[in-house]
Every structure is written in structure tokens, then in C-alpha cells.
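Coordinate inspection notes
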Amino acid sequence: MIPGGLFITGTDTGVGKTRVAAALLRGWGARGHRVVGMKPVVSGAVLQDDVVSWEDVDILAAASTVQAPLTLRNPYRFEAALSPHIAAQRAGQCIDLGVITASCASLREQADLVVVEGAGGWYAPISDTKTMADLARALNLPVVLVVGVRLGCINHALLTAEAIRHDGLSLAAWVANMIDPEMLAVAENMATLQSRLAAPLLGVMSWQPGIEYDLPDFEWDILFESAQ
Ligand SMILES: Nc1ncnc2c1ncn2[C@@H]1O[C@H](COP(=O)(O)OP(=O)(O)OP(=O)(O)O)[C@@H](O)[C@H]1O
Ligand SMILES: [Mg+2]
């Protein structure tokens, strides 16, 4: 059985959460499962030919096999490329975790797997008092941590893994995303991450610039352990 839902977090913003979420959707979609991506909160719109869109929402939709309403897949979207709590405040909106959990529950009824992508890192604020961690706790899904492999990532990865455990969630697996083609001592850094992160390595995404990239060779079975 595949996990009914996964929450994708990362060591920072821009480390490959969307890429990994899309890969998970495409991998399980290709195996015949009904899959849908969810981005509960997104900020930073793209304006092209007078049309506003949000890249993450579009990428996840393109990787999904279930066509669900935008309001369920993405309850909160803000045009300004700001931290969600500031973007929401400027838009005069309040991010309601109840709306997000209800949307996710509805998606789970329509799909075998819902892949939920967080915004920013684990403690990215979504209101004056709440962070992405509160959102993840409300959804109560196993977590996949995307480590953007670059200088400084070990500290970010260990801090994030510790925070996930502290917040009572299960770190089901982590992914090494090779976002820096100039990174030195990759093998040694990978060995350190593998020995210190108390979670299995789901796989490595190689450096592949552009929007077309190969589906990574993940250890898909690892996530079966976290099926719920
Ligand atoms: N392995 C890779 N090789 C080359 N480019 C990559 C790789 N992974 C991600 N990128 C690029 O880096 C950028 C950030 O990736 P992505 O959007 O997946 O990050 P993110 O963590 O989802 O960011 P955000 O916090 O904005 O949601 C994108 O332009 C993406 O195409
Ligand atoms: Mg993203």
C-alpha cells in the first residue's frame, strides 16, 4: 500500500520541494495510482500575458492524475513573493488550518495519494503565531525532507529533522537534491547526512537544469513503511 499522504518540507526555500513532490506524483501516477498534489499556501505569482499563475500549483497539477478543484489543491495563494504570514497580512487574509485540513481530507477521498508541499522551510511563519510546522501537525502526515545539497546543508538538515521530531511528526525519508553543480566533497557530505539523519534516504536527484528532467531512481518501497 502506498502512503495516503505525504508532507514535503525542505531545508530552505528553493531547495527542490516542488521537484521532489512532482517526481513522487509522477512515479506513483505511472504505477497506476490516483495521485494529486496540494500546495496549501503559495506566495509569489507569475504574470504573463495578463494571466496570473503560481508555478508550484501548476507543476503539481501537471504531475497529478486526479483533476481536483483549485480551491482544494491550493486554498491560499498570494501574488506578492513574500513570506506567507506577511503576504497574507497584506492581502487582508488569515490562513485557517481548518480550511486546509478539510481540503486535504477531501483530496484524500478522491486520490490514493496526496502529496502536500509546504512553503519555505519547517518554521516558515504563516501567521503571527503559527508556522508551517503547525500546518504539518494539523495534517498529521509522514514527512519527507528535501535536502538541497550545498554548503551549510548539514546543519539545516539536522535542525529540520530535530524540529520535525520535536513537533511529534515522523520523518519518513529524506531526498538529496543536487542543486549545486559546484558542490565540493559530495560523497563525504552525503556520508555525513546519511549517518546523522535518523531516516532512510529515499533517493538522490541529480543536477538537471531546466523544466525537463528524468524521473529519479527513488527507493519507492521505503515510503510503503509509512503507509497510513
Ligand atoms: N536537481 C536540480 N537540478 C537543477 N535545478 C534544480 C534542481 N532541483 C531544483 N532545481 C531548480 O531550482 C529551483 C527551485 O526548485 P523548486 O521550485 O523545486 O524548490 P522549492 O523548494 O519547491 O521552492 P519553494 O520554496 O519556492 O517552493 C527551480 O527553478 C528548479 O527547477
Ligand atoms: Mg516549491
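Residues numbered from 1 in each chain as written. Chains lettered and ligands numbered in written order. Predicted model: local features only at pLDDT ≥ 70, side-chain atom pairs only at ≥ 80, totals over all residues.

What follows is about the overall build of the protein. Helix and strand counts for the protein come out as eight helices and ten strands. Scaling as 2.2 N^0.38, a compact globule of 228 residues should have a C-alpha radius of gyration of about 17 Å, and the protein matches this with 17 Å. Residue burial in the protein is summarised as follows: out of 228 residues, 44% are buried. Within the protein, contacts between residues at least 6 apart in sequence are counted, and of these 77% link residues at least 24 apart. (Helix = DSSP H or I, 4+ residues; strand = E, 2+ residues; numbered from the N terminus. Rg over C-alpha atoms; globule rule 2.2 N^0.38 Å. Buried ≥ 20, exposed ≤ 12 C-beta atoms within 10 Å, placed from the backbone. Contact = placed C-beta atoms within 7 Å.)

Moving on, we come to the sheet that holds strand S8 (residues 143-148). Strand order across the open sheet formed by six strands is S2-S7-S1-S8-S9-S10, with parallel pairing between neighbours. Because the sheet does not close on itself, it has two edges, and the strands there are strand S2 (35-38) and strand S10 (201-205). Here the strands of the sheet are splayed against their neighbours by 20 degrees on average, with no regard to which way each runs. Of the pairings in the sheet, the one linking S8 to strand S9 (residues 171-177) comprises six bridges and is parallel in character. Each residue of the ladder has a partner; that of Val143, found in S9, is Leu171. (Pairing = 2+ DSSP bridges. Axes fitted to C-alpha atoms, helices over the stretch in contact; angles between N-to-C directions.)

Let's shift gears to the site of ligand 1. Close contacts around ligand 1 come from 17 residues, with Thr13, Gly16, Lys17, Thr18 and Arg19 the closest. When residues in the shell around ligand 1 are grouped by element, the largest group, three residues, is from helix H1 (residues 17-30). (Near = placed C-beta within 6 Å.)

With that settled, the discussion passes to the pairing of S2. Residues Val35 and Gly37 point to one face of S2 and Val36 and Met38 to the other, with burial holding for every one of them. As paired strands, S2 and strand S7 (residues 113-117) are joined by four bridges and run parallel to one another. For Val35, the partnering residue across the bridge sits in S7 and is Leu113.

Attention now goes to helix H6 (residues 132-139). Turning to H6, its buried residues are Met132, Ala133, Leu135, Ala136 and Leu139. All buried residues of H6 fall inside an arc of 160 degrees around its axis, so they share one side. The inward-facing, buried residues of H6 contact strand S1 (5-10), helix H5 (97-110), S7, S8 and helix H7 (153-166). Asn140 sits one or two positions beyond H6 and adopts a positive phi of about 55 degrees. (Arc of directions from axis to C-beta.)

Another point: H5. Here H5 contains 14 residues, and its C-alpha end-to-end distance of 20 Å stays within 8% of the 20 Å for a straight helix at 1.5 Å per residue. Buried residues along H5 sit against S1, S2, helix H3 (70-73), S7 and H6. (Expected span 1.5 Å × (residues − 1).)

What follows covers the pairing of S1. Counted residue by residue, S1 has six buried out of six residues, so it is predominantly covered. Here S1 shows no split at all, with Gly5, Phe7 and Thr9 on one side and Leu6, Ile8 and Gly10 on the other all buried. Here S1 pairs with S7 via four bridges, running parallel. From the neighbouring strand, Ile8 faces S7, where its bridge partner is Glu117. The pairing of S1 with S8 spans four bridges and is parallel. Within the sheet, the bridge partner assigned to Gly10 lies in S8 and is Val146.

For the rest of this paragraph, the subject is the nonpolar core. Counting 65 residues, the largest nonpolar core has Leu6, Val115, Val116, Val143 and Val144 as its most contacted members. Setting aside residues no more than four positions away along its own chain, Leu6 makes contact with Leu24, Val115, Val116, Leu141, Pro142, Val144, Ala172 and Leu223. (Core = buried A, V, L, I, M, F, W, Y, C linked by C-beta atoms within 7 Å.)

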